[in-house]
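Each chain is listed here by its residues.
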Amino acid sequence: MSDQIKFIVDNLNKEPFRKNYNLITFDSLEPMQLLQVLNDVLAEIDPKQVVDIREEMPEQTAKRMLSLLGILKYKPPGNAADMSTFRQGLVIGSKPVIYPVLHWLLQRTNELKKRAYLARFLIKLEVPSEFLQDETVADTNKQYEDLMEAFKTLHKECEQLKISGFSTAEIRRDISAMEEEKDQLIKRVERLKKRVETVQNHQRMLKIARQLRVEKEREEFLAQQKQEQKNQLFHAVQRLQRIQNQLKSMRHAAADATPESLMKRLEEEIKFNSYMVTEKFPKELENKKKELHFLQKVVSEPAMGHSDLLELESKINEINTQINQLIEKKMMRNEPIEGKLSLYRQQASIISRKKEAKAEELQEAKEKLANLEREVSVKTSQTREYDGTEVLKGDEFKRYVSKLRSKSTVFKKKHQIIAEFKAEFGLLQRTEELLKQRHENIQHQLQTIEEKRGISGYSYTQEELERVSALKSEVDEMKGRTLDDMSEMVKKLNSLVSEKKSALAPIIKELRQLRQKCQELTQECDEKKSQYDSCAAGLESNRSKLEQEVRGLREECLQEESRYHYINCMIKNLEVQLRRATDEMKAYVSSDQQEKRKAIREQYTKNIAEQENLGKKLREKQKAVRESHGPNMKQAKMWHDFEQLMECKKQCFLKQQTQTSIGQPPSSRLDPPEKFHMLSLMTRADDLILPPLEMASS
């Protein structure tokens, strides 16, 4: 217990606490002060715990500390029955309860800081299952779980980067090294520029070098493009394999079908798809664009009040009246031939509308069929997993085949009707073009004849009168005809709707049951998935915490192992020194002189005496050298001067020999500088010769 208190006091006196406690003052703390110390340590681990416990209720303090200790995975000493004693001791500030907690917290402060930081983001909020039935709550919970997983991955990456050893000092060194390299390269480029400027045709060479660099870059780009094309080819091959697999599956599915029926069906699909792509979808896209433009225009305009709406309605009514007037004027001006053409146009528009309606119906039927086939395949796979048997057998399969045959016959009829409509439409277009050309020719001839006769405009007025008279009858006939067409169309549509309802009734009935079952299964799946996700998140957090604890324990084990080896080495060194000391004592105490001589002390004393004698001799020699240094230097200088004198005499002798060989009489005189130099050398030679003679005589 005393070691524990000493450890606590030492750590509280260090950074960041600086409590300045000793063992006596710490042991004499009151329970409230001891709780405040514990709260300060917890606040260092989790900054949210910075609270003055004098301003807080004891129950709240105990609840807050217990929750944090539970997050930090603190296990009180004893069994589960002692938990009430632990809580009570924590409330009253009992020393036997507080001291172990402080010792445990101060031992692993850094690890607990990390755990408290992660707990703020990784402790999952448990949402009741009845609230998860709401879509918004379920979506929010899913986003919360996704963010939690993203935080886990980012924290792992951050820890890996911290462990990897990247530091700002290394980055700065790299930056400085790169800047130095940049300066060196700039200087090198300048030198190369100066060197190149002296070369002939350097501009042409630079141009060629630039072209070479461009071509190399182009070569790299082409190599990259080649690699991309290889990747595209690989993807295309994979796509081809997938398509071949689909083709095999389709062939397997259509094993009983004949080639003529397959080709006919494919042609029909191609025609239908081409119609959808070339005619229907562009129109729908254009309409959607117009609608979007109109909505954007409406959104960009300011908010309208009731008066603005009334004004817009009045404008719309005025424009509608103007449109009706223009239509009436146009109908008054139209010619009988153009009236017939209008009938053809109307018929063509009716046919096109019928065509679009049928195409839409066919598209909807195809989508329904695809959805039903998808659902049927899913359900068959589920039933196969449950029971291991197929669904459609016997009478059901026969009914299904009969339904498919009836649908195929209906489709063929509709397709035949569409083909007839297309042929009729093409014929009407051609007749319309021919009639327009013929009308233009006749009109031109009539105008030339009227101009010749001097009654230009007569035919126009006559046609106007006939048109006005025939307009009413044509309009009445048109109304009757359109009403008949509409009644027939309504009858056909009603019959088609009844047929579709009767055909789809059993499928819809089965579909309702399957949808109900699907909803139940999806609900059960969502519940299981939520349970699995919560369990997986808890296990993941526990696993990460256990990994951290194992890592900490391994590091402690490595430290203890290194400490163990270091202590063993120190013990061995001490044993060797102790053995040497015992041997020395034995040799020093023994009466044998040889053993004493082997002792280290005797050897060292002997070496010291030898070194002292050697030093004494060297000091005497140094003294003698210092005393004879001045005369010896003077004598050496004199010998040098004597050597110069002899050299000078030698030069004079050689000079005299050369003069006698040439035939000139030797000069009996020397130049004044030479004479002065000779005298000085002779005096130095006397000084050099005399001391050795005196020394020899003495």
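Residues numbered from 1 in each chain as written. Predicted model: local features only at pLDDT ≥ 70, side-chain atom pairs only at ≥ 80, totals over all residues. Heavy atoms only, no water.

Colleague: Looking at this model, I keep getting lost on the overall build of the chain. Mind explaining?
Modeller: For the chain, the count of helices and strands is 19 helices and 0 strands. The 698 residues of the chain split such that 16% are buried. Working note: accessible area of the chain is about 56300 Å², and carbon and sulfur atoms make up 57% of it. (Helix = DSSP H or I, 4+ residues; strand = E, 2+ residues; numbered from the N terminus. Buried < 20%, exposed > 50% of the residue type's maximum accessible area, 1.4 Å probe, protein only. Areas by Shrake-Rupley, 256 points an atom, 1.4 Å probe, with all protein chains shown as cover.)

Colleague: Which parts of the structure should I look at to understand a positive patch on the surface?
Modeller: The grouping of Lys187, Arg188, Arg191 and Arg195 at the surface amounts to a positive patch. Take Arg191: it is sitting in helix α9 (residues 168-197). Relative accessible area serves as the criterion here: at 52%, Arg191 is assigned to the exposed category. (Patch = residues over 30% accessible without salt bridge, like charges linked within 9 Å, V, L, I, M, F, W, Y side chains within 5 Å. Salt bridge = Lys/Arg side-chain N within 4 Å of Asp/Glu carboxyl O. Lys, Arg positive; Asp, Glu negative; His and termini not counted. Charge placed at Lys NZ, Arg CZ, Asp CG, Glu CD.)

Colleague: I keep staring at the pattern of salt bridges and nothing clicks. Help me out?
Modeller: Pairs can form between side chains of opposite charge whenever their charged atoms are close. Tallied over the entire structure, the rule returns 12 salt bridges. Between Glu44 and Lys113 there is a salt bridge whose closest N-O contact spans 3.0 Å. Note that Glu44 is positioned in helix α3 (residues 31-45) and Lys113 in helix α7 (residues 109-122), a separation of 69 residues in sequence. Owing to a relative accessible area of 27%, Glu44 belongs among the partly exposed residues under this scheme. Glu217 serves as the salt-bridge partner of Arg213, at 3.3 Å between the closest nitrogen and oxygen.

Colleague: Quick question: what am I supposed to make of the packing of α3 against helix α4 (residues 58-71) here?
Modeller: Helix-helix packing is characterised by the crossing angle of the two axes and by the distance between the axes. Running from N to C, α3 and α4 cross one another at 40°; their axes reach a closest spacing of 12 Å. Overall, the two elements α3 and α4 adopt an arrangement that is oblique. Of the two elements, α3 crosses α4, and the hand of that crossing is left-handed. Across from Leu35, Leu38, Asn39 and Leu42 in α3, the residues of α4 making contact are Arg64, Met65, Leu68 and Leu69. (Axes fitted to C-alpha atoms, helices over the stretch in contact; angles between N-to-C directions. Parallel < 35°, antiparallel > 145°, perpendicular 65-115°, else oblique. Left-handed = near helix turned anticlockwise from the far one by under 90°. Contact = heavy atoms within 4.5 Å.)

Colleague: Whenever I open this one, the layout of surface pockets confuses me. Can you help?
Modeller: The method is simple in principle: a probe with the dimensions of a water molecule rolls over the atoms, and the space it marks as empty is what remains. Put simply, the second largest pocket is a space of about 1400 Å³. Glu111, Arg115, Gln548, Glu549 and Gly552 are, among the 42 residues lining the second largest pocket, the residues nearest its centre. At the level of secondary structure, the elements contributing two or more residues to the lining of the second largest pocket comprise α6 (95-107), α7, α8 (135-164) and α15 (458-589). Here the lining of the second largest pocket gets 15 residues from one element, more than from any other, and that element is α15. When its residues are assigned to classes, the lining of the second largest pocket shows 10 nonpolar, 11 polar and 21 charged. Counting residues domain by domain, the lining of the second largest pocket receives three or more from each of domain 1 (1-123) and domain 2 (490-592). (1 Å grid on protein atoms, 1.4 Å probe; cavity = no way out; pocket = protein on both sides within 12 Å on 5 of 7 lines; lining within 4 Å. Points joined across faces, edges and corners; volume = space filled by probe spheres on them. Nonpolar A, V, L, I, M, F, W, Y, C, P; charged D, E, K, R; others polar. Domains from an automatic or database assignment.)

Colleague: Is there a simple way to explain the side chain of Gln49 in this structure?
Modeller: Mapped onto the fold, Gln49 is located in the loop between α3 and α4. Side chain to side chain, Gln49 and Arg64 meet in a polar contact 2.6 Å long. Excluding residues within four positions of it along the chain, Gln49 makes contact with Asn39, Leu42, Ala43, Arg64 and Leu68. (Polar contact = N/O pair within 3.5 Å; in protein donor to acceptor, adjacent residues only side chain to side chain.)

Colleague: I keep staring at the environment of Tyr275 and nothing clicks. Help me out?
Modeller: Along the polypeptide, Tyr275 turns up in helix α11 (residues 259-300). Judged by relative accessible area, which is 8%, Tyr275 ranks as buried. Put simply, Tyr275 and Ala359 are 84 residues apart on the chain and 8.6 Å apart in space, counted from C-alpha to C-alpha. When sequence neighbours within four positions are dropped, the list of residues in contact with Tyr275 reads Lys280, Lys355, Glu356 and Ala359.

Colleague: So what exactly am I meant to see when it comes to unusual backbone geometry here?
Modeller: Trans is the prevailing form of peptide bonds, just as negative phi is the prevailing case for residues other than glycine. Positive phi, close to 60°, is recorded for Asn20, a residue that is not glycine. Along the chain, Asn20 turns up in the loop between α1 (2-13) and α2 (23-27). For Asn20, a relative accessible area of 66% translates into the label exposed.

Colleague: Help me out: how do you make sense of a nonpolar patch on the surface in this one?
Modeller: Residues Tyr566, Ile567, Met570 and Ile571 make up a contiguous nonpolar surface patch of roughly 370 Å² in combined accessible area. Here Tyr566 shows up in helix α15. Taking relative accessible area as the criterion, Tyr566 reaches 53% and is therefore assigned exposed.

Colleague: Explain the packing of aromatic side chains here, please?
Modeller: Aromatic ring pairs are described here by two measures, namely the spacing of the ring centres and the angle between the planes. In the structure shown here, the tally under the stated rule is 8 aromatic pairs. Pairing Phe26 with Tyr99 gives two aromatic rings, centres 5.4 Å apart and planes at 25°, and the pair type is stacked. A residue pair is termed long-range when its members are at least 10 positions apart, and Phe26 in helix α2 and Tyr99 in helix α6 qualify at 73 residues. Overall, the relative accessible area of 0% leaves Phe26 in the buried class. A ring pair is formed by Tyr74 and Phe86, whose centres lie 6.0 Å apart and whose planes are at 35°; its orientation type is tilted. Taken together, the residues Tyr74 in the loop between α4 and α5 (83-92) and Phe86 in helix α5 connect sequence positions 12 residues apart. On the basis of relative accessibility, which here comes to 8%, the residue Phe86 falls in the buried class. Taken together, Tyr21, Phe26 and Tyr99 form an aromatic cluster joined through their ring pairs. (Phe/Tyr/Trp six-rings, centres within 6.5 Å; stacked < 30°, edge-to-face > 60°.)

Colleague: Can you help me understand the packing of α4 against α5 in this one?
Modeller: Where α4 contacts α5, the axes come no closer than 9 Å and their chain directions differ by 125°. As summarised for this structure, α4 and α5 are arranged oblique, according to the angle between their axes. Like other packed secondary-structure pairs, α4 and α5 cross with a definite hand, here right-handed. For the pair α4 and α5, the contacting residues are Pro58, Ala62, Met65, Leu66 and Leu69 in the first and Phe86, Arg87, Leu90 and Val91 in the second. Here the residues of the contact of α4 with α5 sort into 8 nonpolar, no polar and 1 charged.

Colleague: What exactly am I supposed to notice about the nonpolar core here?
Modeller: One broad rule of soluble globular proteins: the nonpolar side chains tend to lie buried together. One finds Leu12, Phe26, Leu38, Leu72, Leu102 and Leu105 to be the most contacted residues of the largest nonpolar core, which totals 33 residues. Elements with a contribution of two residues or more to this core: α1, α3, α4, α5, α6 and α7. Looking at which element gives the most residues to this core, the answer is α6, with 8 residues. Residues within four places of Leu12 in sequence aside, it is in contact with Phe17, Arg18, Lys19, Tyr21, Phe26, Val37, Val41 and Leu106. With 5 residues, the next largest nonpolar core counts Tyr275, Met276, Ala359 and Leu362 among its residues. (Core = buried A, V, L, I, M, F, W, Y, C linked by side-chain atoms within 4.5 Å.)

Colleague: Where do I start with α5 in this structure?
Modeller: In an α-helix, one turn spans 3.6 residues, which is why side chains three or four residues apart end up on the same side. Along α5, the residues that are buried comprise Phe86, Gly89 and Leu90. Angular distribution of buried residues about the axis of α5 spans 100°; they occupy a single face of the element. Exposed and oriented more than 90 degrees from the buried face of α5 are Gln88 and Ile92. In this structure, the buried side of α5 is in contact with α3, α4 and α6. Just past α5, the residue Gly93 takes up positive phi, approximately 75°. (Arc of directions from axis to C-beta.)

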